[in-house]
Amino acid sequence: MTRLSPKVLALLAGLTLVWGTNWPLFRIALAELPVLTFRSVVLTVAIVVLYVVLRLRGESLTVPRGKWPTLILASLMNLTVWNIATSLAVLYIPSGHASVLAYTMPLWVALIGFVVFRQPLTGRLLAAILIGAAAVVALMAPNFASYAGAPWGLFWGLLAGLCWAIGTFVVKRTSWPGMGLSLTFWQVAAAWPPIVLGAVVIDGPPAHLPSTLVMVATLYTGAIPMALGTAAWFALVKLLPAQVAALSSIAIPIVAVLSGMILLHEPLSPLQAVAIGSTVISLWLALVPGRSVG
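Residues numbered from 1 in each chain as written. Predicted model: local features only at pLDDT ≥ 70, side-chain atom pairs only at ≥ 80, totals over all residues. Heavy atoms only, no water.

Caption draft 1: Summary view of the packing of aromatic side chains. Per the stated rule, a full pass over the model turns up 14 aromatic pairs. When the ring of Trp19 is compared with that of Trp164, the centres are 6.1 Å apart and the planes differ by 75°; the resulting orientation is edge-to-face. Taken as a pair, Trp19 in helix 1 (residues 6-30) and Trp164 in helix 7 (residues 150-172) lie far apart in primary sequence, 145 residues in all. Considering the side-chain rings of Trp68 and Trp186, the 5.3 Å spacing of their centres and the 75° angle between planes classify their relative orientation as edge-to-face. (Phe/Tyr/Trp six-rings, centres within 6.5 Å; stacked < 30°, edge-to-face > 60°. Helix = DSSP H or I, 4+ residues; strand = E, 2+ residues; numbered from the N terminus.)

Caption draft 2: Up close: the layout of surface pockets. Taken as a whole, the second largest pocket spans an internal volume of roughly 220 Å³. Around the second largest pocket, the lining is made up of 13 residues, and of these Arg57, Leu181, Ala231, Ala232 and Ala235 lie nearest the centre. Of all the elements in the fold, those that place two or more residues in the lining of the second largest pocket are helix 2 (35-57), helix 8 (181-203) and helix 9 (212-239). Per-element accounting of the lining of the second largest pocket gives the leading share, six residues, to helix 9. Residues of the lining of the second largest pocket, tallied by class, amount to eight nonpolar, two polar and three charged. (1 Å grid on protein atoms, 1.4 Å probe; cavity = no way out; pocket = protein on both sides within 12 Å on 5 of 7 lines; lining within 4 Å. Points joined across faces, edges and corners; volume = space filled by probe spheres on them. Nonpolar A, V, L, I, M, F, W, Y, C, P; charged D, E, K, R; others polar.)

Caption draft 3: Broad picture of the packing of helix 1 against helix 2. Where helix 1 meets helix 2, the closest approach of the two axes is 10 Å, and the angle between their N-to-C directions is 120°. In terms of their interaxial angle, helix 1 and helix 2 are classed as oblique. Note on packing geometry: the crossing formed by helix 1 with helix 2 is right-handed. Touching Phe26, Ala29 and Leu30 of helix 1 are Val35, Phe38 and Arg39, all from helix 2. Considered class by class, the residues forming the contact of helix 1 with helix 2 number five nonpolar, no polar and one charged. (Axes fitted to C-alpha atoms, helices over the stretch in contact; angles between N-to-C directions. Parallel < 35°, antiparallel > 145°, perpendicular 65-115°, else oblique. Left-handed = near helix turned anticlockwise from the far one by under 90°. Contact = heavy atoms within 4.5 Å.)

Caption draft 4: The arrangement of the nonpolar core in detail. Of all hydrophobic cores here, the largest spans 73 residues; its most connected members are Trp19, Trp23, Tyr103 and Trp233. If one sorts the elements of this core by residue count, helix 1 sits on top with eleven residues. Aside from chain neighbours lying at most four places away, what touches Trp19 is Tyr103, Trp164, Pro225, Gly229, Thr230, Trp233 and Ile252. (Core = buried A, V, L, I, M, F, W, Y, C linked by side-chain atoms within 4.5 Å. Buried < 20%, exposed > 50% of the residue type's maximum accessible area, 1.4 Å probe, protein only.)

Here's what the structure looks like:
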């Protein structure tokens, strides 16, 4: 396993905390704002923050020739679908449970790598996929009795994880010469038009101003988790091997579940606790290489 520097460890810890505690804020904001309106404001704030940081750092906004189609595809998978699917998921199931489904991304990576790119499926990865699938079933089973929209929560949560996995492959398998923070900026910017258009057509103008709490939660989500958190994620993907960078996803759902319990008093049954623990084991098997023998 690659030895991580203190700076990289701090970045991983900060990203885990920021992305994990952000899930309950989704539900707080969506109590008063339609999904697309909420995401439109979040993306707008993120674009402004990223642009200011880019200018302060003196980085170029130039996109290499011929990279726009790939960049738009990466944005669609990593941000457009992710923003919509995760927001819809927390409308149907507790935010912590939705996060566990969305952060099955490394398992989707293993499956896509095996089916599409013919990457070998080791015994560890097969065990991880089977345990992960069982954990999802155990996590969602009580919800089907408690929440009428639980099937939709399951669908949107898993779709978010699947599309993030596809987007990760797009970014990892493409050369982005000269692009640093601008890769994050343009992905966020490319996701803005369809989501804002959807907000205008579907949501319409707001009937009233949201409460101060919702406004603070929305602005914070755009400035910190969306802008700086997404930039940190892509920096880790570039700095580290994909498996090491993805280790941060192991702890994020746990932080999200605990945050949901504390802030929103969301339920956690013993079966669901076992399911979350199984998900962690599954992701660990998928991400951490086994010790070589001999």
